[in-house]
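Residue-level listing of the chains:
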Amino acid sequence: MEIIAPFRTFYNLYDRMKSNDQQCPHICQRMKALEQLVLFIEHEMPQPLSDDVKEALEKLSENVKAAATLITKFMETHKLNQMVKASDYKQEFESLNKSLTDAFVTLSVALHVYQEKRLDEQEIKLAKQAKRLAEQENKIAEQEDILQRVESELYNPTRGYYCTLQ
């Protein structure tokens with residue numbers, strides 16, 4: 001799934017409307033944080049992704065596209081209309097920012113759950129390895145006991161055995 005492309009589209013549009021950035025002060029910041037999460041997922045997480053992470057990415061993709069659409073709509077509107085509809089645009093940008101924040105939280109939680117599952121799996125593997133190590137140590141201890149008894153019998157023959165040989 002190509003999720004980074006909508007970010008690039010958004011940034012291109014956002015760069016063109018920087019003069020109106022008072023309308024969307026937190027959106028670009030939120031986008032950058034989301035982009036970092038997406039890059040982490042694409043480059044660091046093993047594939048295939050869990051269903052909840054995929055779902056969060058799909059929702060995020062929709063939100064990023066909505067952001068680009070809103071900015072395009074805002075830029076294409078005549079300056080006079082922008083001033084008249086400023087409160088409407090402000091509400092739309094606030095709603096978009098809220099959606100992006102929700103997507104950020106959802107994606108962060110999905111990643112956290114995924115990482116917790118991985119950590120649990122690693123702890124289970126580690127516990128199994130520790131158990132196998134303990135079993136191997138017990139076997140080695142048993143072998144050392146047997147070896148010690150055999151060496152003891154070789155160096156300290158019993159009287160009956162010694163007497164029989166003479």
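Keep in mind it's a predicted model, so treat the numbers as computed, not measured.

Scanning the protein chain for helices and strands turns up six helices and zero strands. Its helices and strands taken in sequence order, the protein chain reads α-α-α-α-α-α from the N to the C terminus. Counting every position in the protein chain, which comprises 166 residues, the buried fraction comes to 28%. Contacts in the protein chain between residues far apart in sequence, at least 24 positions, make up 76% of those at least 6 positions apart. For the protein chain, the exposed surface amounts to about 12,000 Å²; the carbon and sulfur share of it is 53%.

Taking 1.5 Å per residue as the helical rise, helix H3 (residues 51–76) with its 26 residues ought to reach 38 Å, and the 37 Å between its terminal C-alpha atoms agrees with that figure. Buried within H3 are the following residues: Val53, Ala56, Leu57, Leu60, Ser61, Asn63, Val64, Ala67, Ala68, Leu70, Ile71 and Phe74.

Per the UniProt record, the feature "coiled-coil region" (unreviewed entry) sits at residues 117–153. Summarising residues 117–153: 100% helix, 0% strand, and an end-to-end C-alpha distance of 54 Å.

Okay, helix H2 (residues 27–44) next. With 18 residues, H2 extends 25 Å between its outermost C-alpha atoms, agreeing within 8% with the 26 Å of an ideal straight helix rising 1.5 Å per residue. Turning to H2, its buried residues are Ile27, Cys28, Met31, Leu34, Glu35, Leu37, Val38 and Ile41.

On the surface, a cluster of positive charge is made up of Arg118, Lys125, Lys128 and Arg132. Mapped onto the secondary structure, Arg132 falls in helix H5 (residues 86–155).

Following the criterion strictly, the structure yields one salt bridge and no others. Residues Lys98 and Asp102 are paired through a salt bridge, measuring 3.3 Å at the closest nitrogen-oxygen approach. One end of the pair is Lys98 and the other is Asp102, both in helix H5 and four residues apart, which spans about a single turn. On the basis of relative accessible area, Asp102 is assigned to the partly exposed category, the value being 32%.

What counts, and at which threshold
Residues numbered from 1 in each chain as written. Predicted model: local features only at pLDDT ≥ 70, side-chain atom pairs only at ≥ 80, totals over all residues. Heavy atoms only, no water. Helix = DSSP H or I, 4+ residues; strand = E, 2+ residues; numbered from the N terminus. Buried < 20%, exposed > 50% of the residue type's maximum accessible area, 1.4 Å probe, protein only. Contact = heavy atoms within 4.5 Å. Areas by Shrake-Rupley, 256 points an atom, 1.4 Å probe, with all protein chains shown as cover. Expected span 1.5 Å × (residues − 1). UniProt positions renumbered as here; feature names shortened; annotations may be inferred. Patch = residues over 30% accessible without salt bridge, like charges linked within 9 Å, V, L, I, M, F, W, Y side chains within 5 Å. Salt bridge = Lys/Arg side-chain N within 4 Å of Asp/Glu carboxyl O. Lys, Arg positive; Asp, Glu negative; His and termini not counted. Charge placed at Lys NZ, Arg CZ, Asp CG, Glu CD.

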